[in-house]
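Structural characterization, general
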Amino acid sequence: MAPDSSSAKSRSVSVDDTGVRRVLADGTEESITWDQLSAVVVRVIPEGPWREDVFLMLAAADGTGTAVPSGDPAADALIERLQTLPGFDHDKFVEAMTTDADEAYVVWKAS
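Below, the structure is looked at part by part. (Residues numbered from 1 in each chain as written. Predicted model: local features only at pLDDT ≥ 70, side-chain atom pairs only at ≥ 80, totals over all residues. Heavy atoms only, no water.)

1. A look at the sheet that holds strand S4 (residues 37–44)
- Strand order in the open sheet formed by four strands is S6-S5-S4-S7, with antiparallel pairing between adjacent strands. Looking at the sheet topology across the chains shown, the edges are occupied by strand S6 (65–69) and strand S7 (103–109). Taking the axes of each pair of neighbouring strands and ignoring which way they run, one obtains an average angle of 20° across the sheet.
- Of the strand pairs in this sheet, S4 and strand S5 (residues 54–60) are connected by seven bridges, and their pairing is antiparallel. (Pairing = 2+ DSSP bridges. Helix = DSSP H or I, 4+ residues; strand = E, 2+ residues; numbered from the N terminus. Axes fitted to C-alpha atoms, helices over the stretch in contact; angles between N-to-C directions.)

Okay, structure coming up:
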């Protein structure tokens, strides 16, 4: 589905001690628990500045997960939580958040 599709837009994102849950505009849900988390990727796409162009992608080993737009109101709480992960690459995260390159930055992987 195209990133700018109305059904791909978030209706709500919640971050809590269990994990992250995103409800899409079409009512479908994506979620991942902290114990399932195997990788965090910051995906930058050349859509800005008028459309969302940075996504925090949270992946489980089985290929499930969710992608949270960095402009979502819950993104600050999510970023704060992600930065506490052991081995989180803060330098790569800053690089990803300050570039407009069409690239995916792996900022954390489970060991």
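2. Regarding the pattern of salt bridges
- In total, this model carries four salt bridges according to the counting rule given.
- Notably, a salt bridge pairs Asp-17 with Arg-81, separated by 3.4 Å at the nearest N-O pair. One end of the pair, Asp-17, is in the loop between strand S1 (10–15) and strand S2 (19–24); the other, Arg-81, is in helix H1 (residues 75–82), with 64 residues separating them in the sequence.
- Look at Asp-17 and you get exposed, because its relative accessible area is 70%.
- Here Arg-81 falls in the partly exposed class, since its relative accessible area comes to 30%.
- A salt bridge links Asp-102 to Arg-43; its shortest N-O distance comes to 2.8 Å. You can see Asp-102 sitting in the loop between helix H2 (90–97) and S7 and its partner Arg-43 sitting in strand S4, a full 59 residues away along the chain.
- In this structure Arg-43 comes out as partly exposed when scored by relative accessible area, which is 25%. (Salt bridge = Lys/Arg side-chain N within 4 Å of Asp/Glu carboxyl O. Buried < 20%, exposed > 50% of the residue type's maximum accessible area, 1.4 Å probe, protein only.)

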